[in-house]
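One letter stands for each residue in the lines below.
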Amino acid sequence: MPGGRLTQQERQQIALGLADGLAYAEIGRRLDRPTSTVTREVMRNGGPTAYRPDLAHRATEGRARRRRPGGAAAAPAARADGRDVEAVRDYEEAFATVFMQSGLPRMTARVLAALYATDAGSLTAGELGERLQVSAGSISKAIAFLESQSLIRRERDDRRRERYVVDDELWYQSMIAAAKANEQMVEIARQGVAVLGPGTPAAARLENVARFMDFVSEGIVRAAEQAREILLTKPAEPEGVPEGAPDGG
């Protein structure tokens, strides 16, 4: 039934569509469902390469039970910013899944998605733990990894609490850090050329790696420098949103 909860049969059809390489829009058309419904279903359950219909169905049933303590329907807590609680939760899960597909561990991805989904762009460890319903230890490990990748920074607020912050400039810094990591690969590959002897098959292979990674690094740095201004430009306010409206999150 369009608009209702996905059935197990529909999830099987989604899995078949993914296996056939169909776009989300085409899968949705065949199910008579909105594209957004299919996209959200796949992204919150492992992404297109790891989606399993049976696991997705059980996970959905589990979430439904947790939201209905004692068997009674529980109304979601209201948000101060007026946003739809379920929609925000689903979006954060989908965002985290995309981060996971790029190589981030699950908890690290969830922390980063939660930070980006706040208007302030910052949360304390306690706020992250409450938002994600995980332990302080899990938050600490995720934060350490994100800092090592230059994806977040720390700062103190006016109450001397340590906050973890994402901002637009960090994307630029992360790209530059990736380029530097590539430079290390170039250096070690060229060391191998000297050790293994120029002209040998192994040395030729390593020289090609070095040339490729060197080219990629230069491209990353050049593109990041050229696009940096985009990160520092404030998007135009959509019509109907008063300037200076209070932040939520």
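Everything numeric in this text was worked out from a predicted model, so none of it was measured. (Residues numbered from 1 in each chain as written. Predicted model: local features only at pLDDT ≥ 70, side-chain atom pairs only at ≥ 80, totals over all residues. Heavy atoms only, no water.)

Asks: Tell me about the packing of aromatic side chains, and please be specific about residues and values.
Replies: Tallying each qualifying case throughout the model produces four aromatic pairs. Judged by centre distance (5.7 Å) and plane angle (45°), the ring pair of Tyr116 and Trp171 falls under tilted. Here Tyr116 is found in helix 6 (residues 106-116), whereas its partner Trp171 is found in helix 9 (residues 168-196), with 55 residues between them in sequence. Through pairs of rings, three or more aromatic residues link up here, namely Tyr91, Phe95, Phe99, Tyr116 and Trp171. (Phe/Tyr/Trp six-rings, centres within 6.5 Å; stacked < 30°, edge-to-face > 60°. Helix = DSSP H or I, 4+ residues; strand = E, 2+ residues; numbered from the N terminus.)

Asks: Quick one: what's the story with helix 6, residue by residue and with numbers?
Replies: Of all the positions in helix 6, only Thr108, Ala109, Val111, Leu112, Ala113, Ala114 and Leu115 are classed as buried. Where helix 6 is buried, its residues meet helix 5 (85-101), strand 1 (122-124), helix 7 (125-132), helix 8 (136-148) and strand 3 (162-165). (Buried < 20%, exposed > 50% of the residue type's maximum accessible area, 1.4 Å probe, protein only. Contact = heavy atoms within 4.5 Å.)

Asks: An account of the packing of helix 2 (residues 24-31) against helix 3 (residues 35-43) is requested, with residue identities and associated values reported.
Replies: Contact geometry of helix 2 with helix 3 gives a least axis separation of 8 Å together with a crossing angle of 115°. On the basis of the axis angle, helix 2 is roughly perpendicular to helix 3. Judged by the twist between their axes, the crossing of helix 2 over helix 3 is right-handed. Only Thr35, Val38, Thr39, Val42 and Met43 of helix 3 make contact with helix 2, whose side of the interface consists of Tyr24, Ala25, Ile27 and Gly28. Of the residues contributing to the contact of helix 2 with helix 3, the split by class is six nonpolar, three polar and no charged. (Axes fitted to C-alpha atoms, helices over the stretch in contact; angles between N-to-C directions. Parallel < 35°, antiparallel > 145°, perpendicular 65-115°, else oblique. Left-handed = near helix turned anticlockwise from the far one by under 90°. Nonpolar A, V, L, I, M, F, W, Y, C, P; charged D, E, K, R; others polar.)

Asks: So what about the packing of helix 5 against helix 6? Which residues, and what values?
Replies: When two helices pack together, their arrangement is given by the angle between the helix axes and the distance between those axes. Across the interface, helix 5 lies against helix 6 with an axial gap of 8 Å and an inter-helix angle of 130°. One element, helix 5, and the other, helix 6, form an angle in the oblique class. Here the hand of the crossing between helix 5 and helix 6 comes out right-handed. Counted together, Glu92, Phe95, Ala96, Phe99 and Met100 of helix 5 and Arg106, Ala109, Arg110, Leu112, Ala113, Ala114 and Tyr116 of helix 6 form the full contact between these two elements.

Asks: Which residues make up the sheet that holds strand 2 (residues 153-156), and what are the values?
Replies: Taken in spatial order, the three strands of this open sheet run 1-3-2, and their pairing is antiparallel. Looking at which strands have only one partner, the edges of the open sheet turn out to be strand 1 and strand 2. Across the sheet, the mean angle separating the axes of adjacent strands is 35° when strand polarity is ignored. Pairing geometry for strand 2 and strand 3, over four bridges, is antiparallel. The residue bridging Arg153 from the neighbouring strand is Val165, located in strand 3. Helix-sheet contacts for helix 7 involve strand 1 and strand 3, and the interaxial angle to strand 1 is about 90°. (Pairing = 2+ DSSP bridges.)

Asks: I'd like a rundown of the environment of Asn208, residues and numbers included.
Replies: Along the chain, the position of Asn208 falls in helix 10 (residues 201-232). Separated by 18 residues in sequence, Asn208 and Arg190 have C-alpha atoms that sit 9.5 Å apart.

Asks: Can you explain the pattern of salt bridges? Please cite residues and give values.
Replies: Summed over all chains, the structure comprises 14 salt bridges. Residues Asp157 and Arg161 are paired through a salt bridge, measuring 2.9 Å at the closest nitrogen-oxygen approach. Exposure remark for Arg161: the relative accessible area of 30% places this residue in the partly exposed category. Among the ionic pairs, Arg228 bridges to Glu169, the shortest N-O distance being 2.3 Å. Remark: Glu169 occurs in helix 9 and Arg228 occurs in helix 10; sequence separation between them is 59 residues. Residue Arg228 is classed as partly exposed on the basis of its relative accessible area, which comes to 29%. Taken together, the shared-partner salt bridges in this structure form one network comprising Glu127, Asp157, Arg161 and Arg163. (Salt bridge = Lys/Arg side-chain N within 4 Å of Asp/Glu carboxyl O.)

Asks: Explain unusual backbone geometry to me, using residue names and the numbers behind them.
Replies: Both trends apply: most residues other than glycine have a negative phi, and most peptide bonds are in trans. Even without glycine at this site, Gln133 takes up a positive phi of about 60°. Considering the arrangement of structural elements, one finds Gln133 in the loop between helix 7 and helix 8.

Asks: Outline helix 5, listing residues and values.
Replies: At 3.6 residues per turn, the α-helix brings residues three or four places apart onto the same side. Over its 17 residues, helix 5 runs 25 Å from end to end, which matches the ideal 24 Å to within 8%, given 1.5 Å per residue. Those residues of helix 5 that are buried are in contact with helix 3, helix 6, helix 7 and helix 9. For helix 5, the N-terminal cap is Asp84; the gap from its side-chain oxygen to the backbone nitrogen of Ala87 is 2.7 Å. Looking one or two places after helix 5, you find Gly103, whose phi comes out positive at around 120°. (Expected span 1.5 Å × (residues − 1). Polar contact = N/O pair within 3.5 Å; in protein donor to acceptor, adjacent residues only side chain to side chain.)

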